[in-house]
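Inside the fold
Letter by letter, the chains look like this.
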Amino acid sequence: MTVDLPVLWYGVTVLAWVLFFVLEGFDFGVGFLGPLLGRTEAERGAAVRTVGPVWDGNEVWLVAAVGVTFAAFPDWYAALLSGLYLPMIALLLLLAVRGVAIEFRGKHDTARWRDGCDAALATSSLLLAGTWGAVLGVLVSGLALSPDGEVHGGGLTRSLAPVLGPWAVLGGFAGVLLATVHGATFLSLRTTGVLRVRARRLTVAAAPALVVIALALFIAAGHAVVAAAAALLALAAVAAWRRAEALAFAATTAAVAGTVVAVFTAHLAEGSQVLLRSTLSPAGDVTLRAAAASDGALHLITVAGVVVLPAVVAYQAWSYWVFRRRVATGFAREPRVRVAR
Amino acid sequence: MTIEALTRLQFAVTTLYHYLFVPLSISLALFTAVLQTAHVRHVARTGDDRYGRLSLLVGKLLMTTFAVGVVTGLVQEFQFGLSWSAFARFYGDVFGPTLAVEGMLAFFLEATFLGLWWFGRDRLPVLVHLATIWVVAVGTAISAFVILAANSFMQNPVAYTVDAATGRARLGSFRDLLLNELNLAAFPHTYAGAVMAGGALVMAVGVWHLLRGQYAHGTPEFAAFRTLSRFGAWATLAGGALVSISGDLLGKVITEVQPMKMAAAEALYRTTTGAPFSIFSYAPLGSDDPTFSVEVPGFLSFLAKGSFTAQVLGLKDLQDAYAAQFGPGDYTPSIPVAFWSFRLMIGVGMFAAVVALVHLWVTRRSRTLDPDPRLAQGLLWSVGLLPLLPLFANSFGWIFTETARQPWLVFGLFKTSEGVSPGLSFAEVATSLVAFTLVYGALALVWVKLAVRLVRRGLPELPAPAPEPADDELTPSY
């Protein structure tokens, strides 16, 4: 049996991006919802602790997604990153601020320090959700790629202009809303008491707005997955209202996953296989076949991926299992050490 | 300034900054694992929990360091597509899989298990919890090995073919890429440099607490910090020994595969038999002949080839040979940068090893730092500087490695000038460079502030086992 390696790796690449947006999606949501929904210091700390043990592992899906994109489709990687130079730089710096804010928050014990970290965490998380949404919007609308696969001319606006287009603005908007709903369902699933209730209420309130956006998009673009996402978000709202938190979270997870798949497959019409559309001419389109790495390279990552990725998924699942207990407000902030018996 | 120069400057700034945190993460992960292992073995027999408390302190330093390393490492992974897209297209078939494998194989391990280690104390059995930090330590080593394989390809391309149709590099065997002879020497050298960096840091932490006089002799805290300072000193010294041995090996491989680099390191203009090693040299700009230099006769030949009388190729002959091979052009890297970064790497690193040796001598058997106040004073002064020495040695090592490869990005295959993203504008790179400088500068300040506070707070207590919360609401959420 022969396997079509570029197609297989297109699937794996999209899967890695889906996992990144699903997992970091609720991290971003928790990042800006925590300080909003948590009124006391203990509540805000509890919100951060719901993602504390796992956010770093979640973020590595970005490393995997970018690494796999580079490995399997070097031309796509090169066109996307150099074409979106400044937005990508902004994302990297925001991710830096976000990660450090989470990690440093509990390492020093004054109210001012924690407030500073919370402010940095909330701002960066909100901007991250919006900017990633905008970048996904660009994936749909395309870039002004010349036949050499690059965007030329325009100085500063060369790479800024794409994220100011209508699709990108819509994407940014949807990104923030999706992170809100997805983060809220995660928070209600992972906490107790007042935080749990507030997060659940937020899901019920915010999800309908997204359903409206998704339905509008479905009418505009006609992608069936978008309609499915709308249905899932409606389900999430109903489930949250009925206090079925696990179901609500599963629904938002599926909605985020579906949205990302819809974006990545927007141009994969029969036969065309366009990964990234050029708004200038079809000659600049980045296509699946032309952008794929050599069979040797794909073969290598296939061997590595078959062995390693299932193991990664397994031990990450285990880490979620280890931290399966809900986070209560009012626990000691520092983890405790068990003395060996 | 050309856009190429600005883009190179940005790469240098972001990489050197990232590489302040990488060696510390590598070594602090190893030290935390070692100390916690000592704790598990020790506390059961003697009830002495000093190693556990030390592992907690070192582990906290690890957590803060790792966080900065992760977020700056992400920039590195994006950078090839952002600023060097032409290079990414040419080299993607080799570098892409290497990065992907590093992410899948090692980085996932580090990030996931560090979270398990930090938050899992109450949740995991003692030995499983100990295993999590060892997984992190092994993950950092695998990361280093795979990433250095990618860098070694750029210094000494192996296991590739160039596709005639596309003009791009194609990966041959990944195994051969990993086992590049340059990588086999560069990995132990880099790892040992990392151990020195962490060793000097924890030694400085220990010495500072001992000399601060906050803890009386005989207290558990005093004993613990004495242990930490000597542990760090031994690590610095062992790292220093391994760095020298592997450096010698690495020098010989470089002489073989990149003769221009070693000639630049020594500013050896003419091919010489029994070439001397100059410790210090001064030559007026534009002149080939040093007006003043301190030399060890024959030592360069020994370093390069293992014999005091061997012939070492000089810059001029190599330039002529490369011009004949690759066409007209300047194939000589910046000599002053290569010459001085090479010497500073060795000098600064070895100075740290000497300080460690002095400390081990002064505190030998059960002696403390008291008997000789002048020496103690000297060590106290060294505390602020000590952690910087191996870090700077690491930086100088990278400056040497990367600048003395110029004008090549991939030696003999692909020039730096061809690699910059073709559409990139000067204004974009200038903007991002300013943004990086500001954000990285702020992160550095916060990191230093936090690390100093962590250290000042002294030895953390090992809390008693947490009682299982009885609250019904805490039922598993998944």
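Keep in mind the model is a prediction, meaning the values are calculated, not measured. (Residues numbered from 1 in each chain as written. Chains lettered and ligands numbered in written order. Predicted model: local features only at pLDDT ≥ 70, side-chain atom pairs only at ≥ 80, totals over all residues. Heavy atoms only, no water.)

With that settled, the discussion passes to the overall build of chain A. Across its full length, chain A carries 13 helices and 2 strands. In terms of overall dimensions, chain A is globule-like: its C-alpha atoms have a radius of gyration of 21 Å, near the 20 Å expected for 341 residues. Structurally, chain A occupies a C-alpha span of about 60 × 50 × 45 Å along its principal axes. Here chain A has roughly 12,200 Å² of accessible surface; of this, 70% comes from carbon and sulfur atoms. Averaging the coordinates of the 25 positive side-chain charges in chain A and doing the same for the 19 negative ones gives two points 16 Å apart. (Helix = DSSP H or I, 4+ residues; strand = E, 2+ residues; numbered from the N terminus. Rg over C-alpha atoms; globule rule 2.2 N^0.38 Å. Areas by Shrake-Rupley, 256 points an atom, 1.4 Å probe, with all protein chains shown as cover. Lys, Arg positive; Asp, Glu negative; His and termini not counted. Charge placed at Lys NZ, Arg CZ, Asp CG, Glu CD.)

On to the UniProt feature "transmembrane region" (unreviewed entry) in chain A. Residue and element names in this part refer to chain A. Those places that UniProt annotates as "transmembrane region" (unreviewed entry) correspond, in this numbering, to residues 7-26, 76-98, 119-144, 164-189, 201-219, 225-241, 248-269 and 297-323. Span residues 164-189 is 92% helix and 0% strand, its end C-alpha atoms 35 Å apart. Helix makes up 96% of residues 297-323 and strand makes up 0%, while its end C-alpha atoms are separated by 37 Å. (UniProt positions renumbered as here; feature names shortened; annotations may be inferred.)

Residue and element names in this part refer to chain B. At their nearest, the axes of helix α1 (residues 3-46) and helix α4 (residues 126-155) sit 9 Å apart, and the two run at 155 degrees to each other. Judged on the interaxial angle alone, α4 and α1 are roughly antiparallel. Helix-helix and strand crossings are classified by hand; for α1 and α4 the assignment is left-handed. Between α1 and α4, the contacting residues are Ser 25, Ile 26, Ala 29, Leu 30, Thr 32, Ala 33, Val 34, Gln 36, Thr 37 and Val 40 on the first element and Val 126, Leu 127, His 129, Leu 130, Ile 133, Trp 134, Val 136, Ala 137, Thr 140 and Ala 144 on the second. Here the residues of the contact of α1 with α4 sort into 14 nonpolar, 6 polar and no charged. (Axes fitted to C-alpha atoms, helices over the stretch in contact; angles between N-to-C directions. Parallel < 35°, antiparallel > 145°, perpendicular 65-115°, else oblique. Left-handed = near helix turned anticlockwise from the far one by under 90°. Contact = heavy atoms within 4.5 Å. Nonpolar A, V, L, I, M, F, W, Y, C, P; charged D, E, K, R; others polar.)

This paragraph deals with the packing of aromatic side chains. Tallied over the entire structure, the rule returns 51 aromatic pairs over all chains. Ring centres of Trp 17 of chain A and Trp 132 of chain A lie 6.0 Å apart, and the angle between their planes is 65 degrees; this geometry places the pair in the edge-to-face category. Here Trp 132 of chain A lies in helix α6 (residues 111-141) and Trp 17 of chain A lies in helix α1 (residues 5-37), a separation of 115 residues in the sequence. Using a relative accessible area of 3% as the deciding quantity, one classes Trp 132 of chain A as buried. Between Trp 117 of chain B and Trp 118 of chain B, the aromatic rings sit 6.0 Å apart at their centres with planes inclined by 40 degrees, giving tilted as the arrangement. A single burial state applies to Trp 117 of chain B and to Trp 118 of chain B, both of which are buried. Here a set of aromatic residues connected by ring pairs shows up, and it is made of Phe 70 and Tyr 77 of chain A together with Phe 11, Phe 80, Phe 87, Phe 90, Tyr 91, Phe 95, Phe 153, Tyr 160 and Phe 414 of chain B. Between the NZ or CZ atom of Arg 121 of chain B and the centre of the ring of Trp 117 of chain B, over which it lies, the distance is 4.7 Å. (Phe/Tyr/Trp six-rings, centres within 6.5 Å; stacked < 30°, edge-to-face > 60°. Buried < 20%, exposed > 50% of the residue type's maximum accessible area, 1.4 Å probe, protein only. Lys NZ or Arg CZ within 6 Å of the ring centre and 35° of its normal.)

Attention now moves to the interface of chain A and chain B. Reports often express the size of an interface as the amount of accessible area lost when the parts come together. Every contact between the two is made by 83 residues of chain A and, on the other side, 89 residues of chain B. Here chain A packs against chain B, burying approximately 8,200 Å² in sum over the two surfaces, 71% of which is carbon and sulfur. The tally of links from chain A across to chain B stands at 4 salt bridges. Ionic pairing is found between Arg 158 of chain A and Glu 428 of chain B, a salt bridge with its closest N-O pair at 2.8 Å. Seen at the junction of chain A and chain B, the total is 19 residue pairs in polar contact (both at pLDDT 80 or more). Residues of the side of chain A that touches chain B, tallied by class, amount to 50 nonpolar, 17 polar and 16 charged. (Buried area = accessible area lost by both parts, 1.4 Å probe. Salt bridge = Lys/Arg side-chain N within 4 Å of Asp/Glu carboxyl O. Polar contact = N/O pair within 3.5 Å; in protein donor to acceptor, adjacent residues only side chain to side chain.)

So, about the packing of α1 of chain A against helix α2 (residues 41-51) of chain A. All names here are of chain A. Where α1 meets α2, the axes come as close as 8 Å, and the angle between the chain directions of the two elements is 170 degrees. By the criterion of interaxial angle, the relationship of α1 to α2 is roughly antiparallel. For the pair formed by α1 and α2, the contact residues are Phe 26, Asp 27, Val 30, Gly 34, Pro 35 and Leu 37 on the first element and Glu 43, Arg 44, Ala 47, Thr 50 and Val 51 on the second. When its residues are assigned to classes, the contact of α1 with α2 shows 6 nonpolar, 2 polar and 3 charged.

Before going further, it helps to spend a moment on the side chain of Thr 191 of chain A. All names here are of chain A. In this structure, Thr 191 sits in the loop between α8 (166-190) and α9 (193-221). Here Leu 187 takes part through its backbone oxygen, which lies 2.6 Å from a polar atom of the side chain of Thr 191. Sequence-distant contacts of Thr 191, that is, excluding residues within four places in its chain, are made with Thr 50, Arg 196, Arg 326 and Val 327.

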